[in-house]
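# Survey of secondary and tertiary structure
If you want the building blocks of each chain, they are given just below.
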Amino acid sequence: MDSLPRWLGWLPESLRVRITNRPNLQRIIASTGWLFIDKVCRLGVGLLVGVWVARYLGPEQFGAFNYAIAIVGIFTAVGTLGLNGIVVRDLVRNPSSADVTLGTAFYLQILGGFCALLLALSLVAYTKPEDSLASLMVAVFGSVMVLKATDVVKYWFESKVHSKSIVIVENGAFLFFSMVRVVLVLTKAPLMAFVWITLAEGVLVAAGLMAIYSFHGYKIRNWEWQLKRAKALVSDSWPLVLSGLAVMVYMRIDQVMLGQMLGDKEVGVFSAAVRISEAFYFVPMMIVTSVFPAIIDAKERSDQLYKKRLKNLFELMIVLALGFALPISLMSEWIVSILYGAAFSDAAQVLAVQVWAGVFVFSGVASSRWFLIEGLQKYSFYRTLAGAIINVVLNFIFIPKFGVSGAAWATLGSQAVASVLFNLSNSKTRPIFYMQIKAIFGISFFQK
């Protein structure tokens, strides 16, 4: 019993007995717990400081800030090359080749980061050719994408279901720079000061990840680049890159189109609502990241166990999504008034609509790993591409008619298509559609 995790002693005896002899489940719970602590801290502190910064900058400057972030965000998938899940999968399956996998993925993501930076600079030069401030902000934010190559360290710890070290590094940097942002507000710093510290935070996190990897006894110098391995990784990941591009288009194109069609102030209002509606999107990512190795293992052991774990995951996602969406939608005016004040009052109607997109986002995050396990990455791309196209079309229709709220309705529609409805269109993806629909309408619960 001395070797058992200390937190087991805090659980009720009936639950403790069921977990004591299940080391894999203990690792999943512990890893999820650390991720939960990290994300809750980010949610609380990040929302508080983010709101303070928004109120200080005002809708127009806050809109300009988020417009630059949206431009860079569109190309996030190019920077990461969609390697996260693939690298974790390969590390779980072939731990003996870890140094080759990590080294190759690291150099690939450096290349991807520079490509993402160049693409973002090209896009802002096209959309705002006379706005030098927008170009500078995009250049700074885009530089962070190059530093993201060190995320391969995160993939290693994820494969070991050990999130504690990563949480300590990232949360430490986040808390420190949150205090810096508060100082900037108090000293009435200019807009660019908030941009530069984003790059500083990226530098600190990158250095911390490399340091924590070495601290645990692993050697970065053992990482190897292998052309054959690079081809294999890119062969698996290219559909995910295209899929990720499509995802970021329908998640960020609203802000870009609002900036082009209405102006920075409207981007600021929309971004204020997004900060709240997307604040809980870490929950599905956190849970799926922690249970992904267990689902891979279930696939290898038993098809029945595999389907059971997927079903449980989808049902959990929907329950959590509804738990967030319903109260936030009902209290949107009060929430916006308290957090942002009268200057952002139009954000309330945006929030009341957009928060419901989370129901589809939660389900979509869970299904994304199913596509990866089943080797159906190209269908993952097709469905997200469909969502991106629909989002652009709906924005063109709704923004002129309904203003900022039109962008919220476009987001809701595109998420429904990309995350769930598209899965009905193909016989290979239809099984996961039925599983999602049963979870959304609670059919499995009623059948029990």
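Preceding block: the structure.
## Concerning the packing of aromatic side chains
One pass over the structure, following the stated rule, counts 16 aromatic pairs. Ring geometry for phenylalanine 176 versus phenylalanine 177: centroids 5.0 Å apart, planes at 85°, classification edge-to-face. Seen from their ring centres, phenylalanine 398 and phenylalanine 402 are 5.8 Å apart, and the 65° between their planes marks the pair as edge-to-face. Here the residue phenylalanine 398 and the residue phenylalanine 402 both occupy positions in helix α17 (residues 377-402), the gap between them amounting to 4 residues, near one helical turn. Taking relative accessible area as the criterion, phenylalanine 398 reaches 21% and is therefore assigned partly exposed. Chaining the aromatic ring pairs together yields one cluster made of Phe106, Tyr107, Trp156, Tyr213, Tyr218, Trp223 and Trp225. Against the face of tyrosine 67 rests lysine 128, its NZ or CZ located 4.1 Å from the ring centre.

## Overview of the pattern of salt bridges
Under the definition given, this model contains 8 salt bridges. In this structure, lysine 128 and aspartate 264 form a salt bridge, with 3.0 Å as the shortest nitrogen-oxygen distance. Of this pair, lysine 128 sits in the loop between α5 (98-127) and α6 (132-147) while aspartate 264 sits in helix α11 (residues 264-277), and the two are 136 residues apart along the sequence. For the salt bridge of glutamate 201 with arginine 181, the shortest nitrogen-to-oxygen distance reads 3.2 Å. You can see glutamate 201 sitting in helix α9 (residues 191-215) and its partner arginine 181 sitting in helix α8 (residues 164-186), a full 20 residues away along the chain. Like arginine 181, glutamate 201 is buried. One network of salt bridges, with partners in common, ties together Arg89, Asp90, Arg229 and Asp236.

Calculation rules
- Residues numbered from 1 in each chain as written.
- Predicted model: local features only at pLDDT ≥ 70, side-chain atom pairs only at ≥ 80, totals over all residues.
- Heavy atoms only, no water.
- Phe/Tyr/Trp six-rings, centres within 6.5 Å; stacked < 30°, edge-to-face > 60°.
- Helix = DSSP H or I, 4+ residues; strand = E, 2+ residues; numbered from the N terminus.
- Buried < 20%, exposed > 50% of the residue type's maximum accessible area, 1.4 Å probe, protein only.
- Lys NZ or Arg CZ within 6 Å of the ring centre and 35° of its normal.
- Salt bridge = Lys/Arg side-chain N within 4 Å of Asp/Glu carboxyl O.

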